[in-house]
Amino acid sequence: MKHLITLILAVLSALLLGGCSAYEFRGTVLEPPNPAPEIPLIDQFGNEFRLSDYRGKIVLVFFGFTHCPDICPTALGDLKQVMEKLGNDATKVQVVFVSVDPERDTPALMQRYLAAFNPTFLGLNGDRTVLEQVYKNYGVTAIKRELPNSGLGYTIDHSGYIYAIDQSATGDCSGHMVHRWMTL
């Protein structure tokens, strides 16, 4: 598992360093790993999502929204390339996109949006109260900002971390956050 996380980090680094010079990459190895709290939400297909169901896989979690003009499509595009470069090892990884815009990120919209990157990516949404607790648990900032002269009406300013969760094969915890990458 540690080898696969190192490989994912190397692929992300290569992608980000080879890209736009304005794109900055920062990674933090969390030693010791922080516990990864459960993410009790619903995926774009109507299924309940639990981190504990992904025991034995690495889960890469990104918080964003489908109407995001910059960081979200860039981060998901990078994750798409990571999955492609992993080849057969990609089956050991699950990418999860958690909505910070639950009102607009409908299941149908998330299905179309995420399928454009990779059909295996899961998009999670749920009750605002549950989402707020998940944001708090992961240290995510999501602030709605009105755009009065825009057809969108508003945008969401949000943190841009990709969390790598190593799913321990033993124990009762959902997993451990072993890396946190900043994509902005």
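Residues numbered from 1 in each chain as written. Predicted model: local features only at pLDDT ≥ 70, side-chain atom pairs only at ≥ 80, totals over all residues. Heavy atoms only, no water.

Trainee: How should helix H3 (residues 107–115) be read in this particular structure?
Mentor: Counting along an α-helix, one turn takes 3.6 residues, and residues three or four places apart therefore face a common direction. If you check which residues of H3 are buried, you get Met-110, Tyr-113 and Leu-114. Seen along its axis, H3 keeps its buried residues to an arc of 90°; they face one direction. The inward-facing, buried residues of H3 contact helix H2 (71–86), strand S5 (93–99) and strand S6 (122–125). (Buried < 20%, exposed > 50% of the residue type's maximum accessible area, 1.4 Å probe, protein only. Helix = DSSP H or I, 4+ residues; strand = E, 2+ residues; numbered from the N terminus. Arc of directions from axis to C-beta. Contact = heavy atoms within 4.5 Å.)

Trainee: Looking at this model, I keep getting lost on the packing of aromatic side chains. Mind explaining?
Mentor: For any pair of aromatic rings, the description rests on two quantities: the centre-to-centre distance and the angle between the ring planes. According to the stated counting rule, one finds nine aromatic pairs in the structure shown. Pairing Tyr-113 with Phe-117 gives two aromatic rings, centres 5.4 Å apart and planes at 70°, and the pair type is edge-to-face. Taken as a pair, Tyr-113 and Phe-117 share a single burial class, namely buried. With a centroid separation of 5.5 Å and 75° between ring planes, the pair formed by Tyr-138 and Tyr-163 is classed as edge-to-face. In this pair, Tyr-138 sits in helix H4 (residues 128–138) while Tyr-163 sits in strand S9 (residues 161–166), placing the two residues 25 residues apart along the sequence. On the accessibility criterion, Tyr-138 (3% relative accessible area) is buried. The class of Tyr-163 is buried, set by a relative accessible area of 1%. (Phe/Tyr/Trp six-rings, centres within 6.5 Å; stacked < 30°, edge-to-face > 60°.)

Trainee: Sorry if this is basic, but what is going on with the side chain of His-158 here?
Mentor: Looking at the secondary structure, you find His-158 in strand S8 (residues 153–158). Among the polar contacts made by the side chain of His-158, one reaches the main-chain carbonyl oxygen of Phe-63 at a distance of 3.3 Å. Look past the residues within four positions of His-158 in its chain and what remains in contact with it is Phe-62, Phe-63, Gly-64, Phe-65, Cys-68, Ile-71, Cys-72, Val-100, Thr-141 and Ala-142. (Polar contact = N/O pair within 3.5 Å; in protein donor to acceptor, adjacent residues only side chain to side chain.)

Trainee: Please explain the pairing of S8 as it appears in this structure.
Mentor: Side chains on a regular strand alternate between the two faces of the sheet. In this structure, strand S7 (residues 142–147) lies alongside S8, joined through six bridges in antiparallel fashion. Bridge pairing in S8 places Leu-147 opposite Gly-153. Here S7 folds back onto S8, and the loop between the two strands holds five residues. (Pairing = 2+ DSSP bridges.)

Trainee: What should I look at first to understand the nonpolar core in this one?
Mentor: General note: in soluble globular proteins, nonpolar side chains tend to be found buried as a group. Grouped together as the largest cluster of nonpolar side chains are 48 residues, with contacts concentrated most on Ile-39, Val-61, Phe-63, Val-98 and Tyr-138. At the level of secondary structure, the elements contributing two or more residues to this core comprise strand S4 (58–64), H2, S5, H3, S6, H4, S8 and S9. With eight residues, the single largest contributor to this core is H2. The residues touching Phe-63, leaving out its near neighbours within four places in the chain, are Val-98, Val-100, Val-134, Tyr-135, Tyr-138, Val-140, His-158, Ser-159, Tyr-161 and Tyr-163. (Core = buried A, V, L, I, M, F, W, Y, C linked by side-chain atoms within 4.5 Å.)

Coordinates in, geometry out; function isn't part of it.
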